[in-house]
Amino acid sequence: SESGCLSIVVLGASGDLAKKKTFPALFHLFQQGFLQAGEVHIFGYARSNLSDDGLRERIRGYLKGASDEHVSQFLQLIKYVSGSYDSGEGFELLNNAISEYETSKNNESGSYHRLFYLALPPSVYPSVCKMIRSYCMNPSSHTGWTRVIVEKPFGKDLDSSEKLSAELGKLFEEDQLYRIDHYLGKELVQNLLVLRFANRLFLPLWNRDNIANVQIVFKEDFGTEGRGGYFDQYGIIRDIIQNHLLQVFCLVAMEKPVSLKPEHIRDEKVKVLQSVEPIKHEEVVIGQYDGYKDDPTVPDESNTPTYASVVLRVHNERWEGVPFILKAGKALNSRKAEIRVQFKDAPGDIFRCKKQGRNEFVIRLQPSEAMYMKLTVKKPGLEMATEQSELDLSYGMRYQDVKIPEAYERLILDTIRGDQQHFVRRDELRAAWEIFTPLLHDIDDGKLKSVSYKPGTRGPQEADEMSRRMGYMQTHGYIWVPPTLA
Ligand code: BG6
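Quick look at the structure, then.

Cut-off values and rules
- Residues numbered from 1 in each chain as written.
- Predicted model: local features only at pLDDT ≥ 70, side-chain atom pairs only at ≥ 80, totals over all residues.
- Heavy atoms only, no water.
- Axes fitted to C-alpha atoms, helices over the stretch in contact; angles between N-to-C directions.
- Helix = DSSP H or I, 4+ residues; strand = E, 2+ residues; numbered from the N terminus.
- Parallel < 35°, antiparallel > 145°, perpendicular 65-115°, else oblique.
- Left-handed = near helix turned anticlockwise from the far one by under 90°.
- Contact = heavy atoms within 4.5 Å.
- Nonpolar A, V, L, I, M, F, W, Y, C, P; charged D, E, K, R; others polar.
- Salt bridge = Lys/Arg side-chain N within 4 Å of Asp/Glu carboxyl O.
- Phe/Tyr/Trp six-rings, centres within 6.5 Å; stacked < 30°, edge-to-face > 60°.
- Buried < 20%, exposed > 50% of the residue type's maximum accessible area, 1.4 Å probe, protein only.
- Polar contact = N/O pair within 3.5 Å; in protein donor to acceptor, adjacent residues only side chain to side chain.
- Arc of directions from axis to C-beta.
- Pairing = 2+ DSSP bridges.
- Near = heavy atom within 4 Å.
- Areas by Shrake-Rupley, 256 points an atom, 1.4 Å probe, with all protein chains shown as cover.
- Core = buried A, V, L, I, M, F, W, Y, C linked by side-chain atoms within 4.5 Å.
- Disulfide = S-S within 2.5 Å.
- Expected span 1.5 Å × (residues − 1).
- Bend = angle between axes of the 7 residues up to and from the residue.

Moving on, we get to the packing of helix α2 (residues 52–60) against helix α3 (residues 68–75). Contact geometry for α2 and α3: axes closest at 10 Å, N-to-C directions at 140°. Classed by the angle they form, the pair α2 and α3 counts as oblique. Remark: the crossing between α2 and α3 carries right-handed chirality. In contact with R56, I59 and R60 of α2, α3 contributes V71, S72 and L75. Looking at the contact of α2 with α3, its residues break down into three nonpolar, one polar and two charged.

Right under this line is the structure:
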């Protein structure tokens, strides 16, 4: 088992994130034996007045794919403590509950661990962290650790983010703070380092000599769905691009780390972020879908983008001249996330007139995880003709018996194990905000206007035009369809 004597505290226990992501992730870890009854206790904390059973019933409906008995065993590990986020009383109660559990335990290894998961709006992070610091730390008489998981948004721009980092930095050491970006927990994101640095095939190709452009794309086929008021204060760049897509960008563009040590990897991510040139307005398209402002919580004059396509340029030897197009949008025609690396044309090509497209290496993060390489092949048959085809590694086919873990499940386990590789370091967060803050301020000030697009489409036409301008060549007459099991 992983744990010794472990107390996991979910703050904001009755909220959406906790119900939909945190508790189900803990449940999956429990199911797989990583969290064991007798070694782990889970505490939910929130303001609502609830009983233990009240909380358990709220969670139950989100725990799928298991027998009732298993679910009940898990729910029995959960206790509820109610209190406010800024007064000592509640946190004293919480500490008492944790201590009571710790003393009741026959703990031979003698170490005690406390993990706090802040499933809360960031406005209360500073006060909650102060309370944890004052009332709930692992007592110094115990060996073991106290760790805190926090979730974006980490501020709204460079200044507010730095302020938050400074506040948290006074209370916790960097090795106690786990800044989650759940994209780093996705299987194919975690595969990027292996793919790039363990395959001879890619090493000589992964640079400006061979790659024409890179797209990192996030699409959702639904809108802001009732969270419009919240979303409107952030917009798609802060919600998706500055964090999720930028993390993916780092792993695609960074140099090879000295080793797999988390600090070595994160050092390289910081370096590539620092090599990104200032974003130019003419290399940005922002959009807002028709109907977004029908949400009564969204102001009528909102310019907040629900779609953005932003070109990043990396000023270094490897990438000079290669546009990285980061695109994200809500209310589009499909739901998917992918990385699309487009190679240059083959020089001295003798098939000129018959060619339909370029080589493209596509890493499909979700859904239907896959990697495929678009190739030009001879069209099978008597004629000498070419067509686009693919080398296809679809996970559903290749790994039929493997259940791909959820991002949150993996990241919580990493936290318990003390592995910060897949978490965002403070200087990395700063570098990320440095890239986007000038653009975000210009959008907030109305210097860039969102163009409108129809829900259910590819997004603004202007974005496709920009991709073409960046040299992206769309393949015609070819669509990759995820293979399905017969
Ligand atoms: C969250 C965003 O971070 O990621 C949401 O706040 C978005 O707006 C979600 O829907 C997407 O996550 P996933 O894992 O479904 O791609």
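Resuming the write-up.
Moving on, we come to the pattern of salt bridges. In this structure the tally under the stated criterion is 29 salt bridges. Across the pair R313 and E283 runs a salt bridge whose closest N-O atoms are separated by 3.0 Å. Taken together, the residues span a long stretch of sequence, with R313 in strand β9 (residues 307–313) and E283 in the loop between α11 (262–274) and β8 (284–289) at a distance of 30 residues. If you follow the salt bridges from partner to partner, you end up with K152, E220, R227, D239 and K330 in one network.

Okay, the packing of aromatic side chains next. Inspection of the entire model under this criterion finds 20 aromatic pairs. Ring geometry for F30 versus F74: centroids 5.6 Å apart, planes at 50°, classification tilted. With F30 in helix α1 (residues 16–31) and F74 in helix α3, the pair connects residues that are 44 residues apart, well separated along the chain. Classification of F30 as buried rests on a relative accessible area of 10%. Taken together, a centroid distance of 4.8 Å and an interplanar angle of 35° make the contact between Y45 and F91 tilted. Of the two residues, Y45 sits in strand β2 (residues 40–46) while F91 sits in helix α4 (residues 88–104), which places them 46 residues apart along the sequence.

What follows is about the side chain of T146. Tracing the backbone shows T146 in strand β5 (residues 146–151). Using a relative accessible area of 4% as the deciding quantity, one classes T146 as buried. At a separation of 3.2 Å, a polar atom in the side chain of T146 contacts the main-chain amide nitrogen of N138. Setting aside residues no more than four positions away along its own chain, T146 makes contact with R114, F116, M137, N138 and Q176.

Once that is clear, we can look at unusual backbone geometry. Residue K152 is joined to P153 through a cis peptide bond whose omega torsion reads 5°. In this fold, P153 is placed in the loop between β5 and α6 (158–171). For the bond running from Q366 to P367, omega is -20°, close enough to zero to count as cis. Mapped onto the elements of the fold, P367 is located in the loop between β12 (360–366) and β13 (370–378). Residues other than glycine seldom take positive phi values, yet S368 does so here, at roughly 50°. You can see S368 is positioned in the loop between β12 and β13.

Our focus in this paragraph is α2. What α2 keeps buried is the set L55, R56 and I59. The arc that holds the buried residues of α2, viewed along the axis, is 100°, so those residues lie on one side. Check the buried side of α2 and you find it contacts α1, β2, α3 and β3 (78–82).

Right, let's get into the sheet that holds β3. Reading across the sheet, the six strands line up as β3-β2-β1-β4-β5-β6 and stay open at both edges, with parallel pairing between neighbours. The outermost strands of the open sheet, each flanked by one partner alone, are β3 and β6 (177–180). For this sheet the average axis-to-axis angle between neighbouring strands, irrespective of direction, equals 20°. Of the pairings in the sheet, the one linking strand β1 (residues 5–11) to β2 comprises six bridges and is parallel in character.

On to the sheet that holds β9, then. Read across the sheet, nine strands follow the order β14-β13-β12-β11-β7-β10-β9-β8-β15 without closing on themselves; strand pairing throughout is mixed. With one partner strand each, in any of the chains shown, β14 (386–394) and β15 (451–453) form the two edges of the open sheet. Within this sheet the neighbouring strands show an average axis-to-axis angle of 20°, counted without direction. Of the strand pairs in this sheet, β12 and β13 are connected by five bridges, and their pairing is antiparallel. Residue pairing across strands places V362 opposite Y372, the latter belonging to β13. Sheet contacts for helix α10 (residues 235–253): β7 (211–219), β8, β9, β10 (323–329), β11 (336–343) and β12; angle to β10, the most-contacted strand, approximately 145°.

Turning next to the site of the ligand. Inspection of the region around the ligand gives K152, H182, Y183, K186, F218, E220, R227, D239, H244, K330, R335 and Q366 as its neighbouring residues. One nitrogen or oxygen atom from the side chain of H182 is found 2.8 Å from an oxygen atom belonging to the ligand. Here an oxygen atom of the ligand and a side-chain polar atom of E220 are 2.5 Å apart. Considering the ligand on its own, with 400 Å² of exposed area, one finds that the protein chains cover 81% of that surface. For the shell around the ligand, the residue count by class is two nonpolar, three polar and seven charged.

As a further point, take the nonpolar core. With 147 residues, the main nonpolar core has L118, F249, L312, F324 and F436 as its most contacted residues. If one sorts the elements of this core by residue count, α10 sits on top with twelve residues. In contact with L312, other than residues within four places in its own chain, are L246, F249, V276, I279, V322, P323, F324, L326, I435 and F436.

Moving on, we get to the state of the cysteines. All chains considered together, the criterion is met by zero disulfides. C136 takes part in no disulfide bond, and the closest cysteine sulfur to it belongs to C129, at a distance of 11 Å.

Here we take up α1. Look at α1: 22 Å from first C-alpha to last across 16 residues, which is about the 22 Å you get at 1.5 Å a residue. Its axis deflected by about 30° at T22, α1 carries its strongest bend there, up to four residues before the proline P24. Burial in α1 covers these residues: A18, K19, T22, F23, P24, A25, L26, F27, H28, L29 and F30. Taken from the residues just after α1, G33 is the one with a positive phi, measuring 85°.

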